[in-house]
Amino acid sequence: MEVLERPECAIDRFEELLAEDTRERALLTDAILRLVKLYRRAGRDDELRAVLRRFWEAGGGRRQREGHLPYSARFLPEGLDFIAHVDIQAALSSELAARMPVELSEAVTACDELRQRQLSDLWLVRRAQRRAAERGISTQAAIESLHREEQERRRRYEERARQREGAGRTSDPPVFGAAICPVARALGMDSTATWTRAAFAVDHRDSRRSAAIVEIPGLAAKIDAAVAAGALAPTPSGRLRLVGHSYAGAPVELVSLDLDQLLIAPAALMPEIATAAASGRATLNRQVKRLISGIPLGASFFAVTTGEALSALSLGGVQGTKRRLLEALLPRPTGLQVAGVAHEYFGVFVRMPTDNPLKASALVDLATKLLDSSESDEGTRALVSGLDLAQASDRQALLVSYVASPAELEELALR
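Residues numbered from 1 in each chain as written. Predicted model: local features only at pLDDT ≥ 70, side-chain atom pairs only at ≥ 80, totals over all residues. Heavy atoms only, no water.

## Overview of the sheet that holds strand E9 (residues 335-342)
And then number 1: Read across the open sheet, the 12 strands follow the order E4-E5-E6-E7-E3-E2-E1-E8-E9-E10-E12-E11; overall the sheet is antiparallel. Of all the strands in the sheet, the pair left with one neighbour each is strand E4 (232-234) and strand E11 (387-391). With strand direction ignored, the average angle separating the axes of adjacent strands in the sheet is 20°.
And then number 2: In this structure, strand E5 (residues 240-247) lies alongside strand E6 (residues 250-258), joined through four bridges in antiparallel fashion. Considered in E6, the bridge of Tyr-247 is made with Ala-250. (Pairing = 2+ DSSP bridges. Helix = DSSP H or I, 4+ residues; strand = E, 2+ residues; numbered from the N terminus. Axes fitted to C-alpha atoms, helices over the stretch in contact; angles between N-to-C directions.)

Below, the structure written as structure tokens:
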């Protein structure tokens, strides 16, 4: 009905579903994503924007709670003010994942270094072939141009890292960016595809204060085998050390605080976590917990951060008069909530609570006009058409939504 011949009837049925009082939040989310595509095909822009804004409200007051994080997350230090969570199995079992190119879907979970290089090379060739066709050049010339662009990106990244270090700020990536695959390999695994879920946390003031919690079926037996093989080593404190791998010049430590849950953190941070766990005292940031409670159920991915962290990250490199001007013009965020859902389509929904409804409204109007007047090429305009900016119905937050099909995501990745 939706795809083949009766789109108007499909719209009616999905609209009726959204009106239902159901605890099946996943059904409502799927209906929202399908309605977005149907409205877009029918040119019904007003209805499209309205249904996107319903994401945060559909399903009544049924929301996430702190308990939807792995249990061990309750012992993360209060200073870790950015939290992200991925339901790995929900994402990998979605129809979206089945329809994405293997070079993309497998690359997310592959930890075998040879396979990682193979997937990277396969995707490079695909990007080069597309660029060659667009620009009328050879595939080899396209590969060389992509390599030059990558080198330039690395140069800019290294320059920004030097600037951060010069200003006394750390340039190290969080521990989970460097240790997840080494941990997987230590446990005798070449992929994270069988893991259940993962949570990541970082202090925006110092990325070295960071941690990850991963849920792995049969973890205890895997740890025993890793210790016997010498890939993990017990520490005097009763935790485990990742052998042959360091982070910021110090060991990476691991501890299991609940069944099948493994907490990974730098050795300098682990005593704080261990002390909280030993006392049974929850130390997770209260603002973070409040923001998580506003994430609708059924998200394959969510992330939250505090207003202080968001302001520091967005204006961190801006100083003096320019910073004061931006602070005067822009609404001050009191937090950020991001939810990602994967069904047949992929949707990202962002909510930024603010302290000034008038500034928020003006910002939405300005951003919408800039998008509408964009002189981008046709392909970019088509991708941007899936983006919606709005103010929440209570005027207390900015909303940004983006919905894309597998083909649109592939198109975006090929650019």
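Okay, back to it.
## Let's talk about the state of the cysteines
And then number 1: Under the counting rule described, the total for this entry stands at one disulfide.
And then number 2: There is a disulfide in this structure between Cys-111 and Cys-181, and the S-S distance comes to 2.1 Å. Note on the Cys-111 and Cys-181 pair: the S-S dihedral is about -75°, so by sign convention the disulfide is left-handed. Taken together, the residues Cys-111 in the loop between helix H6 (102-105) and helix H7 (113-135) and Cys-181 in helix H9 (residues 175-186) connect sequence positions 70 residues apart. The same class applies to Cys-111 and to Cys-181, which are both buried. (Disulfide = S-S within 2.5 Å. Buried < 20%, exposed > 50% of the residue type's maximum accessible area, 1.4 Å probe, protein only.)

## Brief notes about the packing of H7 against helix H17 (residues 406-414)
Relative placement of two packed helices is described by the angle separating their axes and the distance separating the axes.
And then number 1: Close contact between H7 and H17 brings their axes to 9 Å; oriented N to C, the two are set at 85°. Comparing their axes, H17 and H7 come out roughly perpendicular. Here Trp-123, Arg-126, Arg-127 and Arg-130 of H7 come into contact with H17, specifically with Glu-410, Glu-411, Ala-413 and Leu-414.
And then number 2: A class-by-class count of the residues in the contact of H7 with H17 yields three nonpolar, no polar and five charged. (Parallel < 35°, antiparallel > 145°, perpendicular 65-115°, else oblique. Contact = heavy atoms within 4.5 Å. Nonpolar A, V, L, I, M, F, W, Y, C, P; charged D, E, K, R; others polar.)

## Details of the nonpolar core
And then number 1: One finds Leu-69, Leu-76, Ile-83, Leu-263, Ile-273 and Phe-349 to be the most contacted residues of the largest nonpolar core, which totals 50 residues.
And then number 2: Looking at this core element by element, the count peaks at eight residues for helix H2 (residues 25-42).
And then number 3: When neighbours within four sequence positions are excluded, Phe-349 is seen to be in contact with Ile-32, Leu-33, Leu-52, Phe-55, Trp-56, Gln-337, Val-338, Ala-339, Val-341, Val-400, Ser-401 and Val-403.
And then number 4: If you look at the next biggest cluster of nonpolar residues, it comprises 38 residues, including Ile-88, Val-202, Tyr-247 and Ile-264. (Core = buried A, V, L, I, M, F, W, Y, C linked by side-chain atoms within 4.5 Å.)

## Considerations on the pairing of strand E1 (residues 82-86)
And then number 1: In this sheet, strand E2 (residues 197-203) lies alongside E1 in antiparallel orientation, the contact comprising five bridges. Bridge pairing in E2 places Ile-83 opposite Ala-201.
And then number 2: When E1 meets strand E8 (residues 301-306), the two strands line up antiparallel, connected through five bridges. Following the sheet pairing, Ala-84 is matched in E8 by Ala-303.

## Some points on the environment of Thr-283
And then number 1: Tracing the backbone shows Thr-283 in the loop between helix H11 (270-279) and helix H12 (286-293).
And then number 2: Sequence-wise, Thr-283 and Leu-76 are 207 residues apart; in three dimensions their C-alpha atoms are separated by 5.9 Å.
And then number 3: Other than its neighbours up to four places away in sequence, Thr-283 contacts Arg-74, Phe-75, Leu-76, Pro-77, Glu-78 and Ala-276.
And then number 4: Among the polar contacts made by the side chain of Thr-283, one reaches the main-chain carbonyl oxygen of Leu-76 at a distance of 2.9 Å. (Polar contact = N/O pair within 3.5 Å; in protein donor to acceptor, adjacent residues only side chain to side chain.)

## Quick look at the pairing of E6
And then number 1: Connecting E5 to the antiparallel partner E6 that follows it, the hairpin turn spans two residues, and Ala-248 within it adopts a positive phi of roughly 50°.
And then number 2: Where E6 and strand E7 (residues 261-266) come together, five bridges link them in antiparallel fashion. Along E7, the bridge assignment pairs Val-255 with Leu-263.
And then number 3: From the end of E6 to the start of E7, which pair antiparallel, there are two residues, and Asp-260 there has a positive phi angle of about 65°.

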